[in-house]
Amino acid sequence: MGSVVYAEANSLWVDNAPAANLFFDHRAHGVGDVITIVINESTSANRTGNAANSKSASANLGAGTGLFTFINPVSGSASDSFKSQGSISNTNKVTGRVTVKVTEVKPNGLLFVTGTQTIKQNADEQKITITGLVRPEDVTVDNTVLSSNVADAQLKIEGKGPLASKQRQGILTQIFNFLF
């Protein structure tokens, strides 16, 4: 007698796959989902300040009389003047795309996201870190959100390597600036 071979019918369709439902919203909404933050930030600040202050004082003491004839007349005066002017201008522009991960869903539905992108070129390294809160309705169908829609956003750009170290002041200059 021969052995019996059983055949199984398996489908290419998996009922619990993310694409199983054509009407399923594939936008990020839970812990572990990813969102691409489109960074397009531009800031500008200008400040001008002027200050002026002056003061003067004088004191006079007459000569002593009677028993105090040994006291000579004394007078003195002092004056002080201060004036300063200054201005500062600062402009920053940051553009890019960083993919972040949803690490927490707040009770009110906001998504807390965090992510880091590191770019290393030769011996220089640039690290971009972004964290913040995203409303689920601000996430587009392609899982992107504008950086202007990230609440409490913290965007840090750090660099290290030969190029970054050449942009810092030397130790003697730092000491001189601290003292004066």
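The structure under discussion appears in the preceding block.
Residues numbered from 1 in each chain as written. Predicted model: local features only at pLDDT ≥ 70, side-chain atom pairs only at ≥ 80, totals over all residues. Heavy atoms only, no water.

**Quick word on the overall build of the chain**
For step 1, the next point in the chain: The helix and strand tally for the chain stands at two helices and six strands.
For step 2, the next point in the chain: Ordering the α and β elements of the chain from the N terminus gives β-β-β-β-β-β-α-α.
For step 3, the next point in the chain: With 180 residues in all, the chain has 16% of them scored as buried.
For step 4, the next point in the chain: In the chain, the proportion of contacts linking residues at least 24 apart, taken out of those at least 6 apart, comes to 60%. (Helix = DSSP H or I, 4+ residues; strand = E, 2+ residues; numbered from the N terminus. Buried < 20%, exposed > 50% of the residue type's maximum accessible area, 1.4 Å probe, protein only. Contact = heavy atoms within 4.5 Å.)

**Considerations on unusual backbone geometry**
For step 1, the next point in the chain: Of note, N143 is a non-glycine position whose phi angle comes to about 60°, a positive value.
For step 2, the next point in the chain: Positive phi outside glycine occurs at D152, with the angle close to 50°.
For step 3, the next point in the chain: Given the relative accessible area of 64%, D152 is considered exposed.

**Thoughts on the sheet that holds strand β3 (residues 111–121)**
In sheet architecture, strand pairing relies on hydrogen bonds along the backbone and comes in two forms, parallel and antiparallel.
For step 1, the next point in the chain: If you walk across this open sheet you meet the six strands as β5-β1-β2-β3-β4-β6, and the pairing is mixed. The two strands at the open ends of the sheet, each matched to only one other strand, are β5 (144–146) and β6 (150–160). Averaged over all pairs of adjacent strands, the angle between strand axes in this sheet comes to 25°, irrespective of strand direction. (Pairing = 2+ DSSP bridges. Axes fitted to C-alpha atoms, helices over the stretch in contact; angles between N-to-C directions.)

**Here we look at a nonpolar patch on the surface**
For step 1, the next point in the chain: There is a patch of nonpolar side chains on the surface, built from L61, L67, F68, F70, I71 and V74 and spanning about 670 Å² of accessible area.
For step 2, the next point in the chain: Of note, V74 is situated in strand β2 (residues 74–105). (Patch = residues over 30% accessible without salt bridge, like charges linked within 9 Å, V, L, I, M, F, W, Y side chains within 5 Å. Areas by Shrake-Rupley, 256 points an atom, 1.4 Å probe, with all protein chains shown as cover. Salt bridge = Lys/Arg side-chain N within 4 Å of Asp/Glu carboxyl O.)

**A look at the pattern of salt bridges**
For step 1, the next point in the chain: Going through the model one piece at a time under the given rule, you end up with three salt bridges.
For step 2, the next point in the chain: Among the salt bridges present, the one from E104 reaches K106, with a minimum N-O distance of 3.4 Å.
For step 3, the next point in the chain: The exposure class of K106 is partly exposed, given its relative accessible area of 28%.
For step 4, the next point in the chain: Measuring nitrogen to oxygen at the nearest pair gives 2.9 Å for the salt bridge that ties D138 to R135.
For step 5, the next point in the chain: Through salt bridges with shared partners, a single ionic network connects R135, E137 and D138.

**Describing the side chain of T36**
For step 1, the next point in the chain: Note on placement: T36 falls in strand β1 (residues 34–61).
For step 2, the next point in the chain: Here the side chain of T36 touches T99 through a polar contact of 3.1 Å, side chain to side chain.
For step 3, the next point in the chain: When sequence neighbours within four positions are dropped, the list of residues in contact with T36 reads R97, V98, T99, N143, T144 and V145. (Polar contact = N/O pair within 3.5 Å; in protein donor to acceptor, adjacent residues only side chain to side chain.)

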